[in-house]
Amino acid sequence: MTAVHVPGTPVIEDGRLVSTSPATGAEAGRLPVATAADVERAVALARSAGEWWAGLGFTGRRERLLRWRGLLARRIEELAELVHAEGGKPVADAVVEVVTAVEHVDWAARNARRVLGPRRVRSRLVLAEFSAHLEYQPHGVVGVIGPWNYPVFTPIGSAAYALAAGNAVVFKPSEYTPAVGQWLVDTFAEVVPEQPVFTAVHGLGDVGAALCRSGVDKVAFTGSSATARKVMAACAESLTPVLLEAGGKDAMIVDADADLDAAAEACVWGALTNAGQTCIGIERVYAVEPVFDAFVGKVVERAGRLTVGADDADIGPITMPSQVDVIRRHIDDALARGGRAVLGGADAVQPPYVRPTVLVDVPEDSVAVREETFGPTLTINRVRDADEAVARANALSYGLGGSVFGRRHAVAIARRLRSGMASVNSSLTFAGMSTLPFGGVGDSGFGRIHGEDGLREFSRAKAVTRRRARSLLASTTFDRTPADVARLVKAIKVLYGR
Ligand code: NAD
């Protein structure tokens, strides 16, 4: 990487990773770049720190995680300002992001014992002489690799759950937001000063690749589907388990009996918050014919009112300068192939900003419908009915979230979406619901963060049987006799042979 400063593009200078505001080019962070040896050292330190952390038990970890939650809540403005300065996100959006992260830290800390702690489970009749015990033990060291678009919410979605489960975490933040990543680990160290339980290693993709090969016990990756494939390939070399939270192309379906004002409001928010740079952002809408025109009108009216700019605007700059070309290509392709811009269009692209753009009647095989745009753009296509909407929504290999607006059939439609999550009569709301699992299918990845599944994702089930009586039906011993085997056959026929 050369040392030419393009605002927002990270550079490496004298072994330091320098991040800058995509809006102003002002320096936001300067962090040492880790070598492969540094990464291995961080993992080795985390391994012994993790043993100490696991030894604290659920109560000790809960108390410390809640202290961190308190710190995050008290210093929310400071963190939101840093997110804004480094990634360009409007401060209000950054506040909402931190609020969601705080909620997850709280829930993970409070619920880890209930979900993961030791418990007796029922024995079955054929092995009634044994009692059964289950607990979920930490993996050890979890490597968390994060993206830039939600630099607080996404790593905390993995790290808080991994920590609550008793793991140490080595975190590789995105090279676009290293200062936010460092802030998170530094504040954690303020409340847990004893051991390096949660640390960061900085750099470009090669540092993430080194983390995959460092001997960590699990990798939790959040980022693009293309990188997810590389992460999984690297982890396959050592059979290191992976959690992949990858890209999306989420759809909203607007049914005939939808509240169109509410649908338009949620659509504009879901598509354009964070300038559309949201993995679960609404990128496509399928509205049924009878309500199509009215719905489009309401969306255009709302989206047209949004302000764009560096400070105090609804929509900030595009964080990754290179993404502007992708957004431009998607708009140009949609228009060239017969789509119409009812708001914005080719002229909306004014780096580092893109003004809200709403495209209608875009061919289903165009890149604006099929590929992740990651910009403040939206396609709205008309469909005959909800069945056609579901078929089109499910036609892509991505399957992260989705949204359905309607009354009578909305929940049934949401259940038919091939996605890990859906919100009915709202958008993106599942992300903040700490009681629910978060994750995708297909090209959007696999595994789950958040909720009970999220806690179990960062632990391994440990099953223990314990003899409590002599066996009446001796089967698992060479001392068994032909008569024992005959009794076993008889018993299984009585029990299950009906
Ligand atoms: P990215 O894939 O370019 O980078 C993600 C991280 O991976 C960065 O830290 C990067 O340095 C690292 N990396 C790059 N190459 C690597 C390699 N070979 N091995 C290991 N690590 C490597 O993604 P991005 O541009 O930072 O983030 C945007 C993408 O993330 C979008 O596709 C978005 O949809 C997705 N995303 C998904 C979720 C989710 O929960 N599913 C959440 C947020 C973002």
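Asker: Teacher, can you tell me more about the side chain of Glu175 here?
Answerer: Relative to the assigned elements, Glu175 resides in the loop between strand S7 (168-172) and helix H6 (178-191). At 3.4 Å, the side chain of Glu175 and the side chain of Lys172 are in polar contact. Contact partners of Glu175, with chain neighbours within four places excluded, come to Pro10, Leu17, Ser19, Gly203, Leu204 and Gly205.

Asker: In this structure, what is going on with the packing of aromatic side chains? I would like to understand it.
Answerer: Each aromatic ring pair is summarised here by two numbers: the centre-to-centre distance and the angle between the ring planes. Taken as a whole and assessed by the stated rule, the structure comprises twelve aromatic pairs. With 5.9 Å between their ring centres and 80° between their planes, Trp68 and Phe198 make a pair best called edge-to-face. Of this pair, Trp68 sits in helix H2 (residues 57-74) while Phe198 sits in strand S8 (residues 198-200), placing them 130 residues apart in sequence. On the accessibility criterion, Phe198 (3% relative accessible area) is buried. On the numbers, 6.4 Å between centres and 55° between planes, the contact of Trp148 with Tyr176 is tilted. Here Trp148, found in the loop between strand S6 (141-145) and helix H5 (153-164), pairs with Tyr176, found in the loop between S7 and H6; they are 28 residues apart in sequence, far enough to count as distant. Grouping residues by exposure puts Trp148 and Tyr176 together as buried. The lysine or arginine in question, Lys89, covers the ring of Tyr150, its NZ or CZ lying 3.8 Å from the ring centre.

Asker: Could you clarify how one ought to interpret empty space enclosed by the protein in this entry?
Answerer: Where empty space is left can be seen by rolling a probe of water-molecule size over the atoms. As enumerated under the stated definition, the model contains three cavities of 30 Å³ or more in all. Counted as a void, the largest cavity has a volume near 80 Å³. In this structure, the largest cavity is lined by 14 residues; those nearest its centre are Arg284, Ala393, Gly401, Arg418 and Ser419. Those elements giving two or more residues to the lining of the largest cavity turn out to be strand S11 (250-254) and strand S18 (398-399). In terms of residue class, the lining of the largest cavity is built from five nonpolar, five polar and four charged. In this model, the second largest cavity occupies a volume close to 50 Å³. What lines the second largest cavity is Val83, Gly87, Lys89, Trp148, Asn149, Pro151, Thr177, Asn274, Gln277 and Thr319.

Asker: Help me out: how do you make sense of the environment of Ala165 in this one?
Answerer: With respect to the helices and strands, Ala165 occurs in the loop between H5 and S7. On the accessibility criterion, Ala165 (0% relative accessible area) is buried. Residues Ala165 and Tyr136 lie 29 residues apart in sequence; the distance between their C-alpha atoms is 8.1 Å. Ala165 has contacts with Arg61, Leu116, Pro138, Leu455, Phe458 and Ser459, leaving out every residue within four places of it along the chain.

Criteria and cut-off values
Within each chain, residue numbers correspond to sequence positions counted from 1 in written order. Totals for whole chains, interfaces and linings use every residue, but because this is a predicted model, local features are given only for residues with pLDDT of at least 70 and side-chain atom pairs only at 80 or more, for both listing and counting. Side-chain metrics in this entry use all non-hydrogen atoms of the structure; hydrogen atoms and water are not considered. Secondary structure is summarised from DSSP: a helix means a run of H or I of at least four residues, a strand means a run of E of at least two, and numbering begins at the N terminus for each. Side-chain atoms alone can form a polar contact between residues adjacent in sequence; in general such a contact is a pair of N or O atoms within 3.5 Å, and within protein one must be able to donate a hydrogen while the other accepts it. Contacts are assigned to residue pairs that have any heavy atoms within 4.5 Å of one another. Stacked, tilted and edge-to-face are the three classes assigned to paired rings of Phe, Tyr and Trp, where Trp is represented by its six-membered ring and a pair needs centres within 6.5 Å; plane angles under 30 degrees give stacked, over 60 edge-to-face, the rest tilted. Think of it in three bands: with a 1.4 Å probe and only protein chains considered, a residue is buried below 20% of the maximum accessible area for its type, exposed above 50%, and partly exposed in between. Both a distance and an angle decide whether a charge sits over a ring: NZ of Lys or CZ of Arg must be within 6 Å of the ring centre and within 35 degrees of the ring normal. In this analysis a 1.4 Å probe is tested at points of a 1 Å grid over the protein atoms alone, and where it fits but cannot get out there is a cavity; an open set with protein on both sides within 12 Å along at least five of seven lines is a pocket; lining residues have an atom within 4 Å of a point. Grid points are joined across faces, edges and corners, and a volume is the space filled by probe spheres set on the points. Under the convention adopted here, Pro, Cys and the residues Ala, Val, Leu, Ile, Met, Phe, Trp and Tyr are nonpolar, Asp, Glu, Lys and Arg are charged, and Gly plus all remaining residues are polar.

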